[in-house]
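Descriptive analysis of the structure
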Amino acid sequence: MGKKCNCCGQVIGVVSTSGIHEDCLSIKKEWGYFSSKDLTEHKFNICESCYDKWIETFKIPVEEHESHDVFQLLPF
Ligand SMILES: [Zn+2]
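Conventions and cut-offs
Residues numbered from 1 in each chain as written. Predicted model: local features only at pLDDT ≥ 70, side-chain atom pairs only at ≥ 80, totals over all residues. Heavy atoms only, no water. Helix = DSSP H or I, 4+ residues; strand = E, 2+ residues; numbered from the N terminus. Buried < 20%, exposed > 50% of the residue type's maximum accessible area, 1.4 Å probe, protein only. Contact = heavy atoms within 4.5 Å. Areas by Shrake-Rupley, 256 points an atom, 1.4 Å probe, with all protein chains shown as cover. Phe/Tyr/Trp six-rings, centres within 6.5 Å; stacked < 30°, edge-to-face > 60°. Lys NZ or Arg CZ within 6 Å of the ring centre and 35° of its normal. Donors = N, O, S within 2.8 Å, 3.2 Å for Na, K, Ca; no water. Tetrahedral: all angles 85-135°; square planar, octahedral: opposite > 155°, others 65-115°. Patch = residues over 30% accessible without salt bridge, like charges linked within 9 Å, V, L, I, M, F, W, Y side chains within 5 Å. Salt bridge = Lys/Arg side-chain N within 4 Å of Asp/Glu carboxyl O. Disulfide = S-S within 2.5 Å. Core = buried A, V, L, I, M, F, W, Y, C linked by side-chain atoms within 4.5 Å.

Before going further, it helps to examine the overall build of the protein. Helices and strands together make up the secondary structure of the protein, namely 2 helices and 6 strands. Across the protein, helices and strands are ordered from the amino to the carboxyl terminus as β-β-β-β-β-β-α-α. Put simply, the protein has 76 residues, and 11% of those count as buried. Residue pairs in contact within the protein that sit at least 24 positions apart in sequence constitute 31% of those at least 6 positions apart. Accessible surface for the protein amounts to roughly 7000 Å². Of this, 56% is attributable to carbon and sulfur atoms.

Overall, the coordinates contain 1 aromatic pair when judged by the stated rule. Sitting over the face of the ring of Trp-31, Lys-37 holds its NZ or CZ atom 4.3 Å from the ring centroid.

Below, the discussion takes up the coordination of the zinc ion. Looking at the metal site, the zinc ion is ligated by Cys-5 (SG), Cys-8 (SG), Cys-47 (SG) and Cys-50 (SG), spaced 2.3 Å from it. Given 4 donor atoms and angles of 105 to 113° at the metal, the environment of the zinc ion is assigned as tetrahedral. Sequence spacing among the residues donating to the zinc ion works out to C-x2-C-x38-C-x2-C. Of this pair, Cys-8 sits in the loop between strand S1 (3-4) and strand S2 (11-12) while Cys-47 sits in strand S6 (residues 41-47), and the two are 39 residues apart along the sequence.

Taken together, Tyr-33, Phe-34 and Leu-39 make up a surface patch of nonpolar side chains, about 470 Å² in accessible area. Mapped onto the elements of the fold, Phe-34 is located in the loop between strand S5 (24-30) and S6.

Time to look at the state of the cysteines. This structure, assessed with the given rule, holds 0 disulfides. Lacking any disulfide linkage, Cys-7 is separated from the closest cysteine sulfur, that of Cys-50, by 3.8 Å. Take Cys-7: its relative accessible area is 57%, and that puts it in the exposed class.

Let us now look at the nonpolar core. In terms of nonpolar packing, the biggest core is built from 5 residues, these being Cys-5, Ile-12, Ile-46, Cys-47 and Cys-50. Not counting chain neighbours up to four residues away, the residues in contact with Cys-47 comprise Cys-5, Cys-8, Ile-12 and Cys-24.

Below you can see the structure in the form of structure tokens.
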């Protein structure tokens, strides 16, 4: 509860009677020996609107797949 977007500071994942309003990206990264961060753990949350703005800046777009339950039943 009270999870906030590290980018804009807005509260995310507000639970109401109709369910959870917003999904978000939660990142936890333990940087290894060979990074400049040397075994530091980073953790942050990004709300959906910040996420959308963020991925728009990517040179290579994110991979996108349908993930509806019905598709999981199909053998690929
Ligand atoms: Zn945000």
